[in-house]
Amino acid sequence: MPVVLQFSSSFHYNPTKLLTTNPTSFHSYVNLKPPRIDNNNEKIKKKNNFIVGYAAGEDPPRSGVAVEEKKTTTTKIPPQIEVSQGYPTPLGPTLRDGGINFSITSTNSISAFLCLFNSPADLYQKNVSLQISLDPLTNKTGNVWHIFLRGNADFDFNGMLYAYKFDGIFSPQHGHYFDSSNLLLDPYCKAVASRGEFGVLGPGDDCWTQMACQIPCADNEFDWEGDLPLKLQQKDLVIYEMHVRGFTKHESSNTRYPGSYLGVVEKLDHLKELGVNCIELMPCQEFNELEYYSYNSVLGDYKMNFWGYSTVNYFSPMARYSAAGVQNFGLGAINEFKHLVREAHKRGIEVLMDVVFNHTAEGNENGPILSFRGVDNSVYYMLAPKGEFYNYSGCGNTINCNHPIVRQFILDCLRYWVMEVHVDGFRFDLASIMTRGSSLCDAINIYGDQLEDDKLTTGSPLSNPPLIDLISNDPILRGVKLIAEAWDCGGLYQVGMFPHWGIWSEWNGKYRDTIRQFIKGTDGFSGAFAECLCGSPNLYQESGRKPWHSINFICAHDGFTLADLVTYNDKHNLANGEDNNDGENHNNSWNCGQEGEFASISVKRLRKRQMRNLFLCLIVSQGVPMMHMGDEYGHTKGGNNNTYSHDNYINYFRWDKKDESSSDFFRFCCLLTKFRQECESLRLNDFPTAERLEWHGRAPGIPDWSDTSRFVAFSLKDSLKRELYVAFNTSHLPVTAMLPERPGFIWKPLVDTSKPAPFDFLSEDILNREVAIKQYSHFLEANLYPMLSYSSIILLLSPDV
């Protein structure tokens, strides 16, 4: 049975519509020629030498242009295109043999159609230029539909878009949503054509503008300039969690391309100065920022999906983070993202991606049908027996991660970003979902045999999850950084217990909670605080992992900023328009005596001290420190701990605030991160032992682990710095610490968070540095050091000369 080509009867050209619909989004298409009438009285349109005809008896185009009917009653394959059955692998669109191979998996569909579009203008009006029906006998191998197209010497596919339609049973109660009227994204497509400008509605004020996939082109090469993976040791990383748009969108960034990948490149030197050697990008795979679009009467603007944790397509970089926008049909975003990675590598900075393989933007049964649901809903999503969507993600659906087809999809996607885009690793959002049993999951299907330990029901945690096994043992992926957010919204909490194969690290949420509690002076946390300083051996040592498997953080995108952590006891989320009902209620924060930014001078001084205490703790802890964007200068979100919907100053990095002379915290952070890199003892490859680490209380060698203890100190031998003494006093009372005696040596102060800048860190370039040190000489000569309340110190051992 031959392949059937179906030409859409609704295809038309409307020059008026084209020119009046957001001209900035369509500037590359306004020079298209209008329709013409050829000598055979056939109405045709020509773009890229692609000719589309209309059969006799069809309605004329809706553009209002008079068209004469075609004389023939049948359509023929355009002579410019050669069509053959194609190949089932690799999945997605692939350039080969002078043409393009299309391949997609759909297990339960009955029929499939490949749809081509001449331009985004046609796409937005859902006018399919060419619809090809795939023959299940010749264009299907197993459950894979495929077709191969080749143009002749006068034909060029460049600039064309494609999508799929699938038909079959529409039975939600059985998990099937097949509907041939839906145009669907290929899950494996590499660039998505959609709206061109972030936050701007599509034609007809549409929040969900029709999307399609870019057909790959051979001339979209990128010059990597010899780029190779940095392969930094994980113990040496200082991670910076960043939002691409928020980093440079504020007008004070003074970047040429604010809010874009290129904007980030312009500010990479800031990160270098800060001592960052790894950036973790919040979601940069294609998502729809207008997903939550609604008027926010509190701020007088519109709510956005700003964070991006609602993926539409996993192989495609977010097009509206690119300076190119819709130019080149989304392909510009690929090269701009690569440019960011390349330029970061030049500065010794690795790039990690925050990926969301726990749910998609399609939501529950009331959500849009964009891709996965229309291609094969029962395969891609975790479903209950009557077709309901399991919601372990808290976002309406749960990806069926451990289904064989889905886990291969995820593996292929991760490999693409590593091999093609050169990223250095991934942080997996709600990663515990990836350990849950899939729909239709049984041991024989997954492992080939029945297992005794695992009850393989849908959603049950698996001790040996196939997806994690596959990633961990992949010859490419096992060589990159793999970080799990080891919990999900279904109550599965796996911090310290995530299946790891000796490779996976974890966002250590227990570290965050413990540090916050101890630094603000809560009783009962001194022992747990000491565990955190050592890299959380209580969580990781027994299973054979190392300190660097703990990603230590105090603040992240979700929750209070560092400045707000010491300014607010309670969340202040009214700006979200949800009556302050959203966001976490338990923040382990302390406002230092007064709620809000308007406070007394003494309270503000204490807040600065507490910020220094928290950051110092992060830097001197074994494991991998991660800071959140803006914390290095004290960014505030006004006490809002759930800013997912704000595309405004609340989430924007304030370069003007960072540059203010009164912002001394940035200097403190830079000096501390540099100090960490200079100390081999703060970046150990294994947990510290008594040979190098000694615990102290107010007296040396006598630590106090009682429930009322608010003083923890330790000394640490260092091959480069000789020895460090670090102490934390989180009491409301001052103390005088007795220092360990080292004959022939004397302790000298380096950091004291109770002192104002620049004396909080006694760097070599400080005027009158020696005078400042001598002020404490009488204490130090007696092996004593006075500490104010809520303060911390670092002393270095020096020869007593």
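Computed from a predicted model, the values in this text were never measured in an experiment. (Residues numbered from 1 in each chain as written. Predicted model: local features only at pLDDT ≥ 70, side-chain atom pairs only at ≥ 80, totals over all residues. Heavy atoms only, no water.)

Comments concerning the layout of surface pockets
Here is step 1: Of the volumes computed, that of the largest pocket is approximately 1,100 Å³.
Here is step 2: Around the largest pocket, the lining is made up of 41 residues, and of these Trp-307, Cys-489, His-557, Asp-558 and Asn-642 lie nearest the centre.
Here is step 3: If one sorts the elements of the lining of the largest pocket by residue count, helix α11 (residues 509-519) sits on top with 3 residues.
Here is step 4: Partitioning the lining of the largest pocket into residue classes produces 15 nonpolar, 16 polar and 10 charged.
Here is step 5: Quantified by volume, the second largest pocket comes out at close to 950 Å³.
Here is step 6: Along the walls of the second largest pocket sit 32 residues, with Ala-563, Glu-597, Gly-634, His-635 and Thr-636 positioned nearest its centre. (1 Å grid on protein atoms, 1.4 Å probe; cavity = no way out; pocket = protein on both sides within 12 Å on 5 of 7 lines; lining within 4 Å. Points joined across faces, edges and corners; volume = space filled by probe spheres on them. Helix = DSSP H or I, 4+ residues; strand = E, 2+ residues; numbered from the N terminus. Nonpolar A, V, L, I, M, F, W, Y, C, P; charged D, E, K, R; others polar.)

Quick notes on the confidence of the model for the protein chain
Here is step 1: The predicted model of the protein chain has a mean per-residue pLDDT of 88, with 88% of residues at 70 or higher.
Here is step 2: Confidence drops under pLDDT 50 across residues 1-75; counting only partners more than four residues distant or on other chains, this segment forms 141 contacts. (pLDDT = per-residue confidence, 0-100. Contact = heavy atoms within 4.5 Å.)

Quick notes on the side chain of Ser-316
Here is step 1: Take Ser-316: it is sitting in the loop between β20 (301-303) and α6 (331-346).
Here is step 2: Side-chain polar atoms of Ser-316 contact the backbone oxygen of Cys-189, separated by 3.3 Å.
Here is step 3: A distance of 2.8 Å separates the side chain of Ser-316 from the side chain of Asn-313, its partner in a polar contact. (Polar contact = N/O pair within 3.5 Å; in protein donor to acceptor, adjacent residues only side chain to side chain.)

Digging into the sheet that holds strand β31 (residues 745-752)
Here is step 1: Across the sheet, 5 strands lie side by side as β27-β28-β29-β33-β31; this open sheet has antiparallel pairing. Two strands lie at the open edges of the sheet, namely β27 (693-696) and β31, each paired on one side alone. Going across the sheet, the axis of each strand differs from the next one's by a mean of 20°, ignoring polarity.
Here is step 2: Summarising the sheet, strand β28 (residues 711-718) and strand β29 (residues 722-729) pair through 8 bridges and their orientation is antiparallel. (Pairing = 2+ DSSP bridges. Axes fitted to C-alpha atoms, helices over the stretch in contact; angles between N-to-C directions.)

Brief notes about the pattern of salt bridges
Here is step 1: Applying the stated criterion to the full structure yields 37 salt bridges.
Here is step 2: With a closest N to O distance of 3.0 Å, Arg-342 and Glu-343 form a salt bridge. Of the two residues, Arg-342 and Glu-343, both sit in the buried class.
Here is step 3: Close ionic contact of Arg-427 with Asp-354 constitutes a salt bridge, the shortest N to O distance being 2.9 Å. Linking Arg-427 in strand β22 (residues 425-428) with Asp-354 in strand β21 (residues 350-355), this pair joins segments that are 73 residues apart in sequence.
Here is step 4: For Arg-427, a relative accessible area of 0% gives the class buried.
Here is step 5: Shared partners join several salt bridges into a network, and the residues in it are Glu-225, Asp-269, Arg-342, Glu-343, Lys-346 and Arg-347. (Salt bridge = Lys/Arg side-chain N within 4 Å of Asp/Glu carboxyl O. Buried < 20%, exposed > 50% of the residue type's maximum accessible area, 1.4 Å probe, protein only.)

Here we look at the packing of aromatic side chains
Aromatic rings in a pair are described by how distant their centres are and how their planes are angled relative to each other.
Here is step 1: Taken as a whole and assessed by the stated rule, the structure comprises 53 aromatic pairs.
Here is step 2: With a centroid separation of 5.9 Å and 90° between ring planes, the pair formed by Tyr-162 and Tyr-164 is classed as edge-to-face. For the pair Tyr-162 and Tyr-164, one class covers both residues: buried.
Here is step 3: Pairing Tyr-188 with Phe-409 gives two aromatic rings, centres 5.4 Å apart and planes at 75°, and the pair type is edge-to-face. With Tyr-188 in the loop between β14 (176-177) and β15 (192-193) and Phe-409 in helix α8 (residues 404-419), the pair connects residues that are 221 residues apart, well separated along the chain. The same class applies to Tyr-188 as to Phe-409, namely buried.
Here is step 4: The side chain of Lys-190 reaches across the aromatic face of Phe-315, ending 4.8 Å from its centre.
Here is step 5: When the ring centre of Trp-507 is taken as origin, the NZ or CZ atom of Arg-427, which lies over that ring, is 3.9 Å away. (Phe/Tyr/Trp six-rings, centres within 6.5 Å; stacked < 30°, edge-to-face > 60°. Lys NZ or Arg CZ within 6 Å of the ring centre and 35° of its normal.)

Side note on α8
Here is step 1: For α8, spanning 16 residues, the distance from its first C-alpha to its last is 22 Å, which sits close to the expected 22 Å at 1.5 Å a residue.
Here is step 2: By the burial criterion, the buried members of α8 are Val-406, Arg-407, Phe-409, Ile-410, Leu-411, Cys-413, Leu-414, Tyr-416, Trp-417 and Val-418. (Expected span 1.5 Å × (residues − 1).)

Notes on unusual backbone geometry
Here is step 1: Across the junction of Thr-89 and Pro-90, the peptide omega takes the value -5°, indicating a cis bond.
Here is step 2: Relative to the helices and strands, Pro-90 resides in the loop between β5 (81-84) and β6 (92-96).
Here is step 3: In this structure, Pro-758 follows Ala-757 across a cis peptide bond, with omega equal to 5°.
Here is step 4: With respect to the secondary-structure elements, Pro-758 resides in the loop between β31 and α18 (769-774).
Here is step 5: Of note, the phi angle at Ser-536 is positive, near 60°, even though the residue is not glycine.
Here is step 6: Within the secondary structure, Ser-536 is located in the loop between α12 (526-533) and α13 (537-540).
Here is step 7: The exposure class of Ser-536 is buried, given its relative accessible area of 3%.

Description of the nonpolar core
The nonpolar side chains of soluble globular proteins are, as a tendency, buried together.
Here is step 1: With 184 residues, the main nonpolar core has Tyr-240 and Phe-426 as its most contacted residues.
Here is step 2: Here this core takes 10 residues from helix α15 (residues 601-620), the largest share from any one element.
Here is step 3: Judged by nonpolar contacts, the second largest core, of 16 residues, contains Tyr-725, Val-735, Leu-739 and Leu-795. (Core = buried A, V, L, I, M, F, W, Y, C linked by side-chain atoms within 4.5 Å.)

Comments concerning the sheet that holds strand β26 (residues 624-628)
Here is step 1: Around the barrel, 8 strands lie side by side as β17-β18-β21-β22-β23-β24-β25-β26; this closed barrel has parallel pairing. Each adjacent strand pair in this sheet contributes to an overall mean axis angle of 25°, direction not counted.
Here is step 2: With 4 bridges connecting them, strand β17 (residues 239-242) and strand β18 (residues 278-281) associate as parallel partners. Within β18, the residue paired with Glu-241 across the bridge is Glu-280.
Here is step 3: Relative to the sheet, α6 contacts β18 and β21, its axis offset from that of β21 by approximately 140°.

Points about empty space enclosed by the protein
Here is step 1: Tallied over the full model, the rule gives 7 cavities of 30 Å³ or more.
Here is step 2: Taken as a whole, the largest cavity holds about 90 Å³ of empty space.
Here is step 3: What lines the largest cavity is Ile-554, Cys-555, Leu-562, Leu-614, Phe-615, Leu-618, Met-626, Met-627, His-628, Asp-631, Glu-632 and Phe-665.
Here is step 4: At the level of secondary structure, the elements contributing two or more residues to the lining of the largest cavity comprise α15 and β26.
Here is step 5: For the lining of the largest cavity, the residue count by class is 9 nonpolar, 1 polar and 2 charged.

Notes on the packing of α11 against α15
A packed helix pair is summarised by two numbers, namely the angle formed by the two axes and the spacing between the axes.
Here is step 1: Where α11 meets α15, the axes come as close as 11 Å, and the angle between the chain directions of the two elements is 140°. When the interaxial angle is binned, α11 and α15 end up oblique. Handedness of the crossing formed by α11 with α15: right-handed. Each of Tyr-511, Ile-515 and Ile-519 in α11 lies in contact with α15, whose residues at this interface are Gln-610, Asn-613, Leu-614, Cys-617 and Leu-618.
Here is step 2: Each residue belonging to the contact of α11 with α15 can be placed in one class, and the counts come to 6 nonpolar, 2 polar and no charged. (Parallel < 35°, antiparallel > 145°, perpendicular 65-115°, else oblique. Left-handed = near helix turned anticlockwise from the far one by under 90°.)

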